[in-house]
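# Residue-level structure breakdown
Residues per chain are reported as follows:
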Amino acid sequence: MGDPAARLRELAVSAGYAAALRAAAVLRIADAFTETATAEELAAAVGARPDTVDRLMTALTHHRVFERRADGRFAHTACSRLLREDEPGGLRYMTLWATEPWTWRMWAVLDESVRSGASVSGGLFGKDFFRYVHEDAPESAEVFARAMTQGSARTAAAIAGELDLTGARSVADIGGGQGHVLATLLERHPGLRGILFDLPAVVADADERLRPGGALAGRAALVGGDCLSSIPVRADVYLLKNLLEWDDDRTAATLRNLAAAAPPGARVVIVQNLVDDAPEPKYHTAMDLMLLLNVGGRRHTRPGLTRLAETAGLPVTRAHPIPGTHLTALECRVRPASG
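Residues numbered from 1 in each chain as written. Predicted model: local features only at pLDDT ≥ 70, side-chain atom pairs only at ≥ 80, totals over all residues. Heavy atoms only, no water.

Per an unreviewed UniProt entry, the protein goes by the name Methyltransferase and belongs to Bailinhaonella thermotolerans.

Put into structure tokens, the structure is as follows:
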């Protein structure tokens, strides 16, 4: 562990590291050069002062985001390239989402959420978190949509390769965002029909391949709604990817709504980052606390989510990791209606 005092000091100022990463993402420093650059060259490219760019880059080199060469020039690393706009599987928008202005206000009152077990959104913003984002911070809503698309781009192929669609004629992606995973599934299975179900404002901005005139539009339906109220779609297979990040009550409500809507015997695949299966526990436990703050939610454990699914009438038949990702898939079957 090293010096405990040094470690604690480092943790205490860790908001500064996040702020430095955000500044680099906002300024698009990673996009400003290909291989190496001086602080003066970077400052000219992003419209900043050379001395303060040097200070920012120096801070980030200590976290191995960039590196400084012996000649004083800054160079890319595998980490910094993920901040580039053109990098496949990039993380620029996830970085921005995790450091949006509202995050600083929320983190400052984490103790309130720890005491109450509830979101602080109502007290800070006077309304539900996602209502606040869409109504009062639309630029942040756009960042969220792009972050989810970037995240899906990193995992869509792995999910499509792992998801068994034998005998299925239709698949519904519940809470599927802009539909990147659904589009990937439809491209992989030419005979498959798909349904993208999410909030109306989200599906209105769906992947262009799924929208009218898009390459997959003839096999895709876009349905707006709220899964906490009802899930009015029928399919052979239902996919829920990183949707169930609420508290147990709302997670159970979503699963019950799905079980009520799905035909008997339909397959349900729940794909989640589970906190007890996480290969990056520092990241995942921090995200667990952020979910508590913004929506009163949580990252579930495998036993806990299995219990909620089975109570809702969705017995888990198989649980397995999705190779190449940090995700776990719980495969369920919809029970026939009793009586």
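We are not done yet, so read on.
Helices and strands together make up the secondary structure of the protein, namely 16 helices and 10 strands. Whereas a compact globule of 339 residues would reach a radius of gyration of roughly 20 Å, the protein reaches 22 Å, a difference of no more than 12%. Taken over the C-alpha atoms alone, the protein extends approximately 75 × 50 × 40 Å along its principal axes. Here the contacts in the protein between residues at least 6 apart in sequence split such that 66% fall between residues at least 24 apart. Surface accessibility of the protein: about 16300 Å² in total, with carbon and sulfur atoms responsible for 55%. (Helix = DSSP H or I, 4+ residues; strand = E, 2+ residues; numbered from the N terminus. Rg over C-alpha atoms; globule rule 2.2 N^0.38 Å. Contact = heavy atoms within 4.5 Å. Areas by Shrake-Rupley, 256 points an atom, 1.4 Å probe, with all protein chains shown as cover.)

For helix 14 (residues 248-261), spanning 14 residues, the distance from its first C-alpha to its last is 20 Å, which sits close to the expected 20 Å at 1.5 Å a residue. Those residues of helix 14 that are buried lie in contact with strand 7 (237-241), strand 8 (267-272) and helix 16 (302-311). Sitting at the head of helix 14, D247 places a side-chain oxygen 2.9 Å from the backbone nitrogen of D249. (Expected span 1.5 Å × (residues − 1). Polar contact = N/O pair within 3.5 Å; in protein donor to acceptor, adjacent residues only side chain to side chain.)

Ranked by internal contacts, the top residues of the largest apolar core, which has 52 residues, are I174, Y238, V268, I270 and L314. In terms of residue count, helix 15 (residues 281-295) provides more of this core than any other element does, 5 residues in total. Per-domain counts for this core show at least three residues from each of domain 2 (88-144) and domain 3 (145-334). The residues touching V268, leaving out its near neighbours within four places in the chain, are Y238, L240, L258, L314, L330, E331, C332 and V334. (Core = buried A, V, L, I, M, F, W, Y, C linked by side-chain atoms within 4.5 Å. Buried < 20%, exposed > 50% of the residue type's maximum accessible area, 1.4 Å probe, protein only. Domains from an automatic or database assignment.)

On to the side chain of N294, then. With respect to the helices and strands, N294 occurs in helix 15. The class of N294 is buried, set by a relative accessible area of 7%. Contacts of N294, omitting those with residues within four sequence positions, involve W102, M106, S119, S121 and F129.

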